[in-house]
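In case you want the letters, here they are:
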Amino acid sequence: MKKWNGMIRFFLFGICAGLVFGSGCGRQEKQAVYQEETRPQIIIGSDNYPPFNYEDADGKPAGIDVDLATEAFDRLGYEAVFTYIDWEAKKQLVDSGEIDCIWRSFSIDGRESQYHWTEPYMTSSQVVAVSKDSDIYTLADLEGKRVAVQSTTKPEEIFVSHADPRIPELAEVFSLQNRELIYPFLSKGYADAVAAHETAILQCMKDYDLEYRILEEPLLTVGLGVAFSNYDDRGIEQELSEVFEEMRADGTMEKILGKYLEHPEDYLEVTSHEE
């Protein structure tokens, strides 16, 4: 009994000492608390967008953003839960609280005031792709052509707004709710070109053995971030930004991107985002 009582006192002392000396450790303390309990969930709204988010062979979420979110929220003491959403309804869903944030290769540029944003975690270029034998080689060659894009994306905004002087008058812009349909539109000849994130186009070419040619001149190079509602006052976007800096510094960010992209270091050349 004396032996057991001594062990119990030593165990309790260890717990108390951990609480006292670890009280200023912030994130480490939160992680320790949730190790023995069910961690709070963060519901992340996304849609199918390889290589950022897709279902693997077992039907589980996978991709750049899934891996980044899982690691980043784990460091903050949360469980990241991805749910597929209607991309056109993303703002309503996050503002209503049905989802906690939007994380899917989401461009900050031009949307700064619409959400509470994290700092950009990587860069991405919005580009135009055409068939291998197309006579389109520059943005100027798009004059009188038909372009397919996903609705509510930056390429749609660029083509519809007529604000970019490099973009000529098009014959038609097909805005499709389902991102995956833009590629059949190009392959079947319904559209002369498609526009999307370069990483997504390259992934589609790889997955379906397609031969597209990407124009050298990008539409736009943007910073990708995680968006929270302007009504959300928890400050999680600020905590995530700090974790991104940690993950960049310790090599985790480059390691995750390297699973999906060649030359991952090129995508990590980001600058601070300002409202």
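If you're wondering where the values come from, they're calculated on a predicted model, not measured in any experiment. (Residues numbered from 1 in each chain as written. Predicted model: local features only at pLDDT ≥ 70, side-chain atom pairs only at ≥ 80, totals over all residues. Heavy atoms only, no water.)

**With respect to the environment of Ser131**
Following the sequence through the fold, Ser131 ends up in strand β7 (residues 122-131). C-alpha separation for the pair Ser131 and Ala193, spaced 62 residues apart in sequence, amounts to 7.4 Å. Every residue in contact with Ser131, bar those within four places of it in the chain, is listed here: Leu186, Glu211, Tyr212 and Arg213. (Helix = DSSP H or I, 4+ residues; strand = E, 2+ residues; numbered from the N terminus. Contact = heavy atoms within 4.5 Å.)

**Some details on unusual backbone geometry**
The linkage connecting Pro50 with the following residue, Pro51, adopts the cis geometry, with an omega of 5°. Along the chain, the position of Pro51 falls in the loop between β1 (41-46) and β2 (54-55).

**Remarks on the packing of aromatic side chains**
Taken as a whole and judged by the stated rule, the model has 13 aromatic pairs. With 5.5 Å between their ring centres and 75° between their planes, Phe185 and Tyr190 make a pair best called edge-to-face. Among the aromatic residues, ring-to-ring pairing joins Phe73, Tyr78, Trp103, Tyr121 and Phe244 into one connected group. Seen from the ring of Tyr49, Arg104 lies directly overhead, with NZ or CZ sitting 3.9 Å from the centre. In this arrangement the basic side chain of Arg104 is found over the ring face of Trp87, its NZ or CZ atom lying 3.9 Å from the centre. (Phe/Tyr/Trp six-rings, centres within 6.5 Å; stacked < 30°, edge-to-face > 60°. Lys NZ or Arg CZ within 6 Å of the ring centre and 35° of its normal.)

**A closer look at helix α8 (residues 236-249)**
The end-to-end C-alpha distance of α8, which contains 14 residues, comes to 20 Å, matching closely the 20 Å that a straight helix rising 1.5 Å per residue would cover. Regarding α8, the residues found buried are Ile236, Glu237, Leu240, Ser241, Val243, Phe244 and Met247. Along α8, the residues classed as buried sweep out an arc of 165° about the axis, all on the same side. For α8, the exposed residues lying more than 90 degrees away from the buried face are Gln238 and Ala249. Looking one or two residues beyond α8, the residue adopting positive phi is Gly251, at roughly 90°. (Expected span 1.5 Å × (residues − 1). Buried < 20%, exposed > 50% of the residue type's maximum accessible area, 1.4 Å probe, protein only. Arc of directions from axis to C-beta.)

**Some remarks on the pattern of salt bridges**
Tallied over the full model, the rule gives 17 salt bridges. Asp135 is the salt-bridge partner of Lys145, the closest N and O atoms lying 3.9 Å from each other. One end of the pair, Lys145, is in the loop between β7 and β8 (146-150); the other, Asp135, is in the loop between β7 and β8, and 10 residues separate them in sequence. In this structure Asp135 comes out as exposed when scored by relative accessible area, which is 54%. The residue Arg234 makes a salt bridge to Asp232 at a minimum N-O spacing of 2.7 Å. You can call Arg234 partly exposed: its relative accessible area is 41%. The structure contains a network of salt bridges with shared partners spanning Glu71, Arg75, Glu246 and Asp250. (Salt bridge = Lys/Arg side-chain N within 4 Å of Asp/Glu carboxyl O.)

**Structural notes on the pairing of strand β12 (residues 220-228)**
Within β12, seven of the nine residues are buried, leaving the element largely enclosed by the surrounding structure. With three bridges joining them, strand β5 (residues 101-107) and β12 adopt antiparallel strand pairing. From the neighbouring strand, Ile102 faces β12, where its bridge partner is Ala227. Here two bridges tie strand β6 (residues 116-117) to β12, and the two strands are oriented antiparallel to one another. Pairing of His116 across the sheet is with Phe228, part of β12. Taken together, the five bridges between β7 and β12 define a ladder with antiparallel strand orientation. Within the sheet, the bridge partner assigned to Ser125 lies in β12 and is Thr221. (Pairing = 2+ DSSP bridges.)

**Things to note about the packing of helix α3 (residues 64-76) against α8**
Pairs of packed helices are described in terms of their axes, by the angle between the two and the distance that separates them. Interhelical geometry of α3 versus α8 gives an angle of 110° and a closest axis separation of 10 Å. The orientation of α3 relative to α8 falls into the category roughly perpendicular. For the pair formed by α3 and α8, the contact residues are Leu68, Glu71, Ala72, Phe73, Arg75 and Leu76 on the first element and Ile236, Glu239, Leu240, Val243, Phe244, Glu246 and Met247 on the second. A class-by-class count of the residues in the contact of α3 with α8 yields nine nonpolar, no polar and four charged. (Axes fitted to C-alpha atoms, helices over the stretch in contact; angles between N-to-C directions. Parallel < 35°, antiparallel > 145°, perpendicular 65-115°, else oblique. Nonpolar A, V, L, I, M, F, W, Y, C, P; charged D, E, K, R; others polar.)

**Considering the confidence of the model for the protein**
Segments scoring low in pLDDT should not have their predicted coordinates read at a detailed level. Residues of the protein with pLDDT of at least 70 account for 85%, and the chain-wide mean is 88. A low-confidence stretch, residues 1-24 stays under pLDDT 50, and its non-local contacts, those more than four residues away or across chains, total four contacts. (pLDDT = per-residue confidence, 0-100.)

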